[in-house]
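Coordinates in review
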Amino acid sequence: MLLNDKIKKAFDNDLLLLVHHHADVDSIASAIGLNSVFKKSTICASDGVSSHGQKLASVMNIEIMEKPPESWGGTVVVLDSPNPEHCNPVPKSESIVVIDHHTKIEGWKKETEVIHLPQRTSTAEIILDLILEMDLEISKSCANALLCGIYTDTGQFRHANGETFRAASVLAKVGADPQEVINILDSERPMIQKTTFLKAAQQMKWIQEGKRIIAESRVKSFESGSARLLIVLGADIALVSSGNKKGDMRISTRASNRIVSEGFNLTTILEEIVEINGGSSGGHPGAAGYNGKGDPEAISEIAKQKCIRSIRQLP
Ligand SMILES: [Mn+2]
C-alpha cells in the first residue's frame, strides 16, 4: 500500500503537480498521469521543460503553468524530484506530497508526505500503482504518457527490472501503444540540440584507465543528453559540465551498464563533490547530476580523478 490517510486527504485538495527543473519525460508523464485522474489539478514547471517533455505535453494537449505561484491553496505534489533544490521555488501550501524513485531523497520539511520507491525505474510506475490502488480508470492517453516515462527513464528498457515490464504490460493492457510511444519520443531533435551534441563530441577529451574509458566535455545546455551520447560512442563514464556567468555550474554524468554492474556508482562520486564544494547531487548509479557554484572545468576534473580512483578499486 502506497497511500495512507494523510495522503488520501491531501489528494482531495486542489493539486499543484510540480515537476523538477528542465522537466524530463518521466516527470511530465507522471504529472499527466495524475492530471488525468484528478480533475482539480494543475501541472506546473518551476524552471523549464526539456524538449522531449515539451513534445509529450503538446501531443497530449496539456497546458503547463510556467511559474509556480508563491502560495497554493491546496496540496503541492512534487514529482520525480529527490530534493527541494531540484524544483524550487516550492509554493507555500497546506500540504506537500513528494513522489520519487531516486536513490536518495533529502531536504524536505518534516511534515512532508513522501512516497519514495528507489527500486522502481521511473516515477511513472509509482503513479500507475497509485492510480491502480485508488481504483481509478486509466485513459489510453494517460497509459501512453506513463509508458513514455518508463521508456525514457529506463533508457529504452536497458535499465529495466522485472517490475518495469510488469508496469509496461499493465499499461499495454489498458491501451498504451508501444509504437505510438516510440513515435512521440524518437522524433527529430531540434537543431540547437543536434548542434550541441555534435559540439559535445567535437570538444570531448577522453582518457583510458586500465580497460575503462572516461570521456569529458563541456556544453552550454543539454548536458545529460550529451553525456548519454558519449557513452554510446564508447566511453564507460561520461562527465559533461556547463556553467554560466553567475557562477552556477552543473555536471551531468553517465556510466555504462557494464561498469555499473561491476560496482561503479556515480551517486557516491557526486556526493563526494558535494562534501568538497557544497551544492546538491542526485540520481542513480549509472546516471547522476550535480548542481553547484564554481568553475565547471575544475570541478569536472575533481570528479574525473574520483572516477579514476574508483575504477582502480573495481575487480
Ligand atoms: Mn525519473
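Bear in mind that the values here come from a model prediction, so they are computed numbers and not experimental data.

Looking only at helices and strands, the chain features twelve helices and eleven strands. Along the longest, intermediate and shortest principal axes, the C-alpha atoms of the chain span 55 × 40 × 40 Å. By sequence separation, contacts in the chain at least 24 residues apart represent 60% of the contacts at least 6 residues apart. Here the chain displays about 15,000 Å² of accessible surface, and carbon together with sulfur accounts for 52% of that area.

Another aspect to go through is the domain arrangement of the chain. According to the domain assignment, the chain consists of domain 1 (5–185) and domain 2 (191–312). One C-alpha centre belongs to domain 1, the other to domain 2; they are set 26 Å apart. Facing the ten residues of domain 1 at the interface are ten residues of domain 2. Linking domain 1 with domain 2 are one salt bridge. Of the charged contacts in the structure, one is a salt bridge between glutamate 271 and lysine 104, with a shortest N-O distance of 3.8 Å. Linking domain 1 with domain 2 are three residue pairs in polar contact (both at pLDDT 80 or more). Residue composition of the side of domain 1 that touches domain 2, by class: no nonpolar, seven polar and three charged.

Bringing the layout of surface pockets into the picture now. The computed volume of the second largest pocket comes to approximately 400 Å³. Taken together, 19 residues make up the lining of the second largest pocket; nearest its centre are Ser93, Glu94, Ser95, Ile96 and Glu111. Of all the secondary-structure elements, those providing two or more residues to the lining of the second largest pocket are helix H1 (5–11) and strand S4 (92–100). A total of five residues in the lining of the second largest pocket trace back to one element, the largest contributor, which is S4. Looking at the lining of the second largest pocket, its residues break down into six nonpolar, six polar and seven charged.

So, on to the sheet that holds strand S2 (residues 41–45). Taking strand neighbours across the sheet as the criterion, the five strands line up as S2-S1-S3-S4-S5 in an open arrangement whose pairing is parallel. Where the open sheet ends on each side, the last strands, each with one partner, are S2 and strand S5 (113–116). Ignoring which end each strand starts from, the neighbouring axes of this sheet average 20° apart. With respect to the sheet, helix H2 (residues 25–37) is in contact with strand S1 (15–19), S2, strand S3 (71–79) and S4, its orientation differing from that of S1 by roughly 165°.

Ranked by internal contacts, the top residues of the largest apolar core, which has 51 residues, are Phe11, Leu56 and Ile99. No other element matches helix H5 (residues 140–153), which puts eight residues into this core. In this structure, leucine 56 is in contact with Val25, Ile28, Ala29, Ile32, Ala145, Cys148 and Ile184, ignoring residues within four places of it in sequence. Judged by nonpolar contacts, the second largest core, of 20 residues, contains Ile237, Met249, Ile269 and Ala288.

On to the side chain of histidine 20. Along the polypeptide, histidine 20 turns up in the loop between S1 and H2. A distance of 3.1 Å separates polar atoms of two side chains, one belonging to histidine 20 and the other to aspartate 80. Setting aside residues no more than four positions away along its own chain, histidine 20 makes contact with Ser27, Ser46, Gly48, Leu79, Asp80, Ser81, His86 and Cys87.

Only one face of strand S11 (residues 287–293) is buried, namely the one carrying Ala288, Tyr290 and Gly292, since none of Ala287, Gly289, Asn291 and Lys293 on the opposite face is buried. Note: strand S9 (residues 248–255) against S11, seven bridges, orientation antiparallel. The partner of methionine 249 across the bridge, within S11, is glycine 292. Between strand S10 (residues 280–284) and S11, which pair antiparallel one after the other, the connecting turn spans two residues.

Each pair of packed helices gets described by two things: the angle between the helix axes and the distance between those axes. Closest axis-to-axis distance for the helix H11 (residues 266–277)/helix H12 (residues 296–312) pair is 10 Å, and the angle between their directions is 135°. With respect to H12, the axis of H11 lies oblique. Judged by the twist between their axes, the crossing of H11 over H12 is right-handed. Residues Ile269, Glu272, Ile273, Ile276 and Asn277 of H11 touch H12, and the partners they reach there are Ile299, Ile302, Ala303, Lys306, Cys307, Arg309 and Ser310. For the contact of H11 with H12, the per-class residue count stands at seven nonpolar, two polar and three charged.

Right, let's talk about the coordination of the manganese ion for a bit. Protein coordination at the manganese ion comes from Asp26 (OD), Asp80 (OD), His101 (NE2) and Asp153 (OD), with a distance range of 2.1 to 2.4 Å. When the donor residues of the manganese ion are listed from N- to C-terminus, their spacing reads D-x53-D-x20-H-x51-D. Taken as a pair, aspartate 80 in the loop between S3 and S4 and histidine 101 in the loop between S4 and S5 lie far apart in primary sequence, 21 residues in all. Take aspartate 80 and histidine 101: they sit in the same class, and that class is buried.

What counts and how
- Residues numbered from 1 in each chain as written.
- Predicted model: local features only at pLDDT ≥ 70, side-chain atom pairs only at ≥ 80, totals over all residues.
- Heavy atoms only, no water.
- Helix = DSSP H or I, 4+ residues; strand = E, 2+ residues; numbered from the N terminus.
- Contact = heavy atoms within 4.5 Å.
- Areas by Shrake-Rupley, 256 points an atom, 1.4 Å probe, with all protein chains shown as cover.
- Domains from an automatic or database assignment.
- Salt bridge = Lys/Arg side-chain N within 4 Å of Asp/Glu carboxyl O.
- Polar contact = N/O pair within 3.5 Å; in protein donor to acceptor, adjacent residues only side chain to side chain.
- Nonpolar A, V, L, I, M, F, W, Y, C, P; charged D, E, K, R; others polar.
- 1 Å grid on protein atoms, 1.4 Å probe; cavity = no way out; pocket = protein on both sides within 12 Å on 5 of 7 lines; lining within 4 Å.
- Points joined across faces, edges and corners; volume = space filled by probe spheres on them.
- Pairing = 2+ DSSP bridges.
- Axes fitted to C-alpha atoms, helices over the stretch in contact; angles between N-to-C directions.
- Core = buried A, V, L, I, M, F, W, Y, C linked by side-chain atoms within 4.5 Å.
- Buried < 20%, exposed > 50% of the residue type's maximum accessible area, 1.4 Å probe, protein only.
- Parallel < 35°, antiparallel > 145°, perpendicular 65-115°, else oblique.
- Left-handed = near helix turned anticlockwise from the far one by under 90°.
- Donors = N, O, S within 2.8 Å, 3.2 Å for Na, K, Ca; no water.

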